[in-house]
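Chain and residue survey
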Amino acid sequence: MKTRTRQKFRPSNKLFSRKTPNEVAEAHPSNIETAAEMESIQRLPSVERPPSDVHPPSVEAVMERNHHGGGWLLSGIICVNILILGCALVSGSAFNSVAITAVHRQIFLIILFLLTILWMLFYTIVTFRKDPEVLYQDSHAGPVWLRGGLVLFGFLSFIMDIFKIAYYVGYLHCDSGVKVAFPVIQAVFLCIQTYFLWIHAKDCVQLHTNFTRCGLTLTLSTNLVVWISAVTEESLHQTDVPYTIKVTHILYRANYGDDKCNCSHSACDTFKEAFYYLYPFNIEYSLFATAMAYVMWKNVGRVVEHHTDHPKFCLKDVRLGPVAGVLLVLAGLAAFIVYDIDIMKEEQTKRNKALLIHFTVNVVIVSLMCLSTAVGCALYRLDKREHVSEKNPTRTLDVRLLVGSSMGQFVISYFTIVAMVATGASGSLNGLNLAWAVLTVVQLCLQNYFIIEGLHREPFHVIQEAALHTNAVTLQGHTEMDVLEIHKSRSSPASRWRGFSWKRRVVKEICAFLLLANVILWIMPAFGARPQFDHPVEMNFYKFTMWAAIVNIGLPFGIFYRMHSVASLLEVYLIS
């Protein structure tokens, strides 16, 4: 009687007993056969379980995730302080000829490199091996194409450091040895960081979370300071300072070496030109690493389901977009080479011709991009795919970077429009420059909408899997002959292209074309095209100091926008 009463009231006791998620999973009715087993499980003390291949989150990890506010705050404070100090040193070394030099900036970066290397080694050796729950990984973070781009840009940045070492060695007899040590340590930093991000970009760390957040913000801040330093040096190197302005000796402090210090070997000029041409790849590498470190920082303490199904890149049945994009890239490269050669000549006729070719090619490229993007946006109105509501730090970062970096090109375009309209825009060069600025504004708006809508649509392979599952359930009620007939009809070419398949194909064609168009729009300014200074209307309207600040701040963001658009369009292509 006593036993029967206890069994009778046991369900009511379960309602008031609090259990951890692990205990609930193990004590589920589907896993328990007898009432005796239920009673024995309720009375079991909490014991440590041996590690297995897949570990559920421990109570300690859950508690740490619930109390991580201090770690987020501390890591944010570290990031802000490093960035502000780095900006001050970079600005001081670029525009102050006495108090702060490039050596001081390089010493600061060397310290950041060494601290970041020590943390990455600690994470790889200690945290990753001691934390079995790092098996939680974000499938959206660090895709193969992003890590492949990181490796490519890292390799080219490594070559840039080799050229810098060879260049600085020629000035060791009369200049600081820090200028040789800096590229050496940066090359080591590139190798270690590239390996670290390739292996651990998807990690969702569950232990040492506060220390890991601080280490990731240190990595993020270091790459941002390197980016700011490289952008400043590249911008000052490409800025054509008028002879009437007596600041040339200050603005060209980015050119290494001194008039009183001569190189000890004859290849200095060659090495100098070589590593300046590799600066764009180092700039993009720093931004790639910054974005991947930020996603890792957002994923610290995050528990996600590991998805192994990823859409594969395939150009099957997609031909027009890639062919048109390749032709556009070839035409843009030819125009850029002509522009780069003729713009250096002293004859004004040759310079105007180079500007005319450059403006015309850019107007044609942007016009075709506007037309194709408008078609893509119209197709999205016919698309029946649902919007993805899943929390995704990678996707959120992609959208913020896309919109934020486009502001740089918006600023330059609107300042150009105001200057052209105010001065009358007379002549073919001014008319083309105004048309280019207006079309760029339209193209940026359309492309941002196209990419953001594409990134937030449900991937097609997910819809296809759901449809196959539904069909499998439906086919259970049919005979074997009916199943064969249905499969035969669905596998026919006519059925594959019915419904929304033609829309998928057109969207993929548009993505491929826009991807290659953004590549050529990245190449031209990244490798030295500066029509903003070669065409003097805006510079005369706003005066050189103001116009140089606008261009040198906005153009790096515009260059990054094009490269980031390439990555985002590839993602849209894969999920369409």
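Provided above is the structure to which this section pertains.
An account of the accompanying structure is given in this report. (Residues numbered from 1 in each chain as written. Predicted model: local features only at pLDDT ≥ 70, side-chain atom pairs only at ≥ 80, totals over all residues. Heavy atoms only, no water.)

1. Quick word on the side chain of glutamine 447
Tracing the sequence through the fold places glutamine 447 in helix H16 (residues 428–455). Owing to a relative accessible area of 0%, glutamine 447 belongs among the buried residues under this scheme. Among the polar contacts made by the side chain of glutamine 447, one reaches the side chain of tyrosine 561 at a distance of 3.1 Å. The residues contacting glutamine 447, other than those within four sequence positions of it, are Met369, Thr373, Leu514, Asn518, Tyr561, Arg562, Ser565 and Leu569. (Helix = DSSP H or I, 4+ residues; strand = E, 2+ residues; numbered from the N terminus. Buried < 20%, exposed > 50% of the residue type's maximum accessible area, 1.4 Å probe, protein only. Polar contact = N/O pair within 3.5 Å; in protein donor to acceptor, adjacent residues only side chain to side chain. Contact = heavy atoms within 4.5 Å.)

2. Observations concerning the packing of helix H12 (residues 279–299) against helix H23 (residues 544–575)
One can describe the packing of H12 onto H23 by two numbers: an axis separation of 11 Å at closest approach and a directional angle of 65°. Crossing handedness for the pair H12 and H23: right-handed. From H12, Glu284, Leu287 and Phe288 reach across to H23, where they touch Ile559, Phe560 and Met563. Counted by class, the contact of H12 with H23 contains five nonpolar, no polar and one charged residues. (Axes fitted to C-alpha atoms, helices over the stretch in contact; angles between N-to-C directions. Left-handed = near helix turned anticlockwise from the far one by under 90°. Nonpolar A, V, L, I, M, F, W, Y, C, P; charged D, E, K, R; others polar.)

3. What about the pattern of salt bridges?
What the rule picks out here adds up to four salt bridges. Across the pair arginine 105 and glutamate 233 runs a salt bridge, and its minimum N-O distance is 2.5 Å. Of the two residues, arginine 105 is situated in helix H6 (residues 102–130) and glutamate 233 in helix H9 (residues 209–238); the sequence distance between them amounts to 128 residues. Assigned by exposure class, arginine 105 and glutamate 233 land together as buried. For glutamate 509, the salt bridge goes to arginine 505, with nearest N and O atoms at 4.0 Å. (Salt bridge = Lys/Arg side-chain N within 4 Å of Asp/Glu carboxyl O.)

4. What to know about the packing of aromatic side chains
The full count for this structure, using the stated rule, is 27 aromatic pairs. Judged by centre distance (5.9 Å) and plane angle (35°), the rings of tyrosine 294 and tryptophan 297 are tilted. Here the residue tyrosine 294 and the residue tryptophan 297 both occupy positions in helix H12, the gap between them amounting to three residues, near one helical turn. With respect to class, tyrosine 294 is no different from tryptophan 297; both count as buried. Residue placement shows arginine 147 over the ring face of tryptophan 198; its charged tip is 4.8 Å from the ring centre. The residue whose ring lies beneath lysine 164 is phenylalanine 275, and the NZ or CZ to ring-centre distance is 5.8 Å. (Phe/Tyr/Trp six-rings, centres within 6.5 Å; stacked < 30°, edge-to-face > 60°. Lys NZ or Arg CZ within 6 Å of the ring centre and 35° of its normal.)

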